[in-house]
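Spelled out from the first residue to the last, the chains are:
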Amino acid sequence: DQQVKQNSPSLSVQEGRISILNCDYTNSMFDYFLWYKKYPAEGPTFLISISSIKDKNEDGRFTVFLNKSAKHLSLHIVPSQPGDSAVYFCAASGDFGNEKLTFGTGTRLTIIP
Amino acid sequence: EAGVVQSPRYKIIEKKQPVAFWCNPISGHNTLYWYLQNLGQGPELLIRYENEEAVDDSQLPKDRFSAERLKGVDSTLKIQPAELGDSAVYLCASSLVRGTGELFFGEGSRLTVL
């Protein structure tokens, strides 16, 4: 039972354009959501998070949007840069991040120069 | 500040052999996690420690997997005996207790069971 779903295994975007990565979840007890970025042969690194009491969080070129009624969140990267090419994992937890994270299967983003 | 250190980075063994992975978390991080990542999947929690105590080991296959975190710092994850299906990347992560949910991951230990 996949509680966090990333339905797009891969995405290609032209450099300078907007990248939009999507994530859906099924567990209504999740109240904290995070995005991690992973380069080959490295561990995932934290990118940005959002609490369920918000619907948007922004950090530089990265913005995460949360739609609780639809149980959907998205990560926007604008403008996209070649260094953004990586696998992006969506993760969710209960208790505002203090409980275990449940990860999605990841989306491989390729930025085309 | 040093990050989470894991060893070995790569390990190839034959089935039924034992294997052990070691993790040194970031200094001061009381919470330590072991995650399993299969090819094409996201990380899945195996066990979570707060200091020396394993507070969540519900996903750890206890018939062949064991873990310890003596003195609440370094941790070891052991598999005995290994099976073909154990081939995966084993990730260690640490975080501050009552933190933001932000985990700091090591580079992982890639296990191949032949």
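In this text the structure is predicted, and so the values were computed from the model without any measurement. (Residues numbered from 1 in each chain as written. Chains lettered and ligands numbered in written order. Predicted model: local features only at pLDDT ≥ 70, side-chain atom pairs only at ≥ 80, totals over all residues. Heavy atoms only, no water.)

**Q** Before we move on, could you go through the overall build of chain B and cite the residues and values that matter?
**A** Within chain B, the secondary structure is distributed over zero helices and 11 strands. When its helices and strands are written in sequence order, chain B yields β-β-β-β-β-β-β-β-β-β-β. The burial tally for chain B puts 45% of its 114 residues in the buried class. A separation threshold of at least 6 residues defines the contact pool for chain B, and within that pool the share at least 24 residues apart is 52%. Accessible area of chain B: about 5,900 Å², with a carbon and sulfur share of 49%. Once the 12 positive and 15 negative side-chain charges of chain B are each reduced to a mean point, those two points are 5 Å apart. (Helix = DSSP H or I, 4+ residues; strand = E, 2+ residues; numbered from the N terminus. Buried < 20%, exposed > 50% of the residue type's maximum accessible area, 1.4 Å probe, protein only. Contact = heavy atoms within 4.5 Å. Areas by Shrake-Rupley, 256 points an atom, 1.4 Å probe, with all protein chains shown as cover. Lys, Arg positive; Asp, Glu negative; His and termini not counted. Charge placed at Lys NZ, Arg CZ, Asp CG, Glu CD.)

**Q** How would you explain the nonpolar core if you had to name every residue and give the values?
**A** Counting 23 residues, the largest nonpolar core has Phe33, Trp35, Leu73, Leu75 and Tyr88 of chain A as its most contacted members. Here this core gets four residues from one element, more than from any other, and that element is strand E9 (residues 86-93) of chain A. Formed by 22 residues, the second largest nonpolar core is a distinct cluster that contains Val4, Leu32, Tyr49 and Phe65 of chain B. (Core = buried A, V, L, I, M, F, W, Y, C linked by side-chain atoms within 4.5 Å.)

**Q** Mind laying out the pattern of salt bridges, listing which residues take part and the relevant values?
**A** All names here are of chain B. Under the counting rule described, the total for this entry stands at six salt bridges over all chains. For glutamate 107, the salt bridge is made with arginine 9, and the minimal N-O distance between the two is 2.9 Å. In this pair, glutamate 107 sits in the loop between strand E10 (104-105) and strand E11 (109-113) while arginine 9 sits in the loop between strand E1 (5-7) and strand E2 (10-13), placing the two residues 98 residues apart along the sequence. Judged by relative accessible area, which is 42%, glutamate 107 ranks as partly exposed. By relative accessible area, which is 27% here, arginine 9 ends up partly exposed. Arginine 64 is the partner of aspartate 86 in a salt bridge, and the nearest nitrogen-oxygen pair spans 2.6 Å. With aspartate 86 in the loop between strand E8 (75-79) and strand E9 (88-95) and arginine 64 in the loop between strand E6 (53-56) and strand E7 (65-68), this residue pair connects regions lying 22 residues apart in the sequence. By relative accessible area, which is 13% here, arginine 64 ends up buried. Here the salt bridges share partners, and the residues they tie into one network are Arg64, Glu83 and Asp86. (Salt bridge = Lys/Arg side-chain N within 4 Å of Asp/Glu carboxyl O.)

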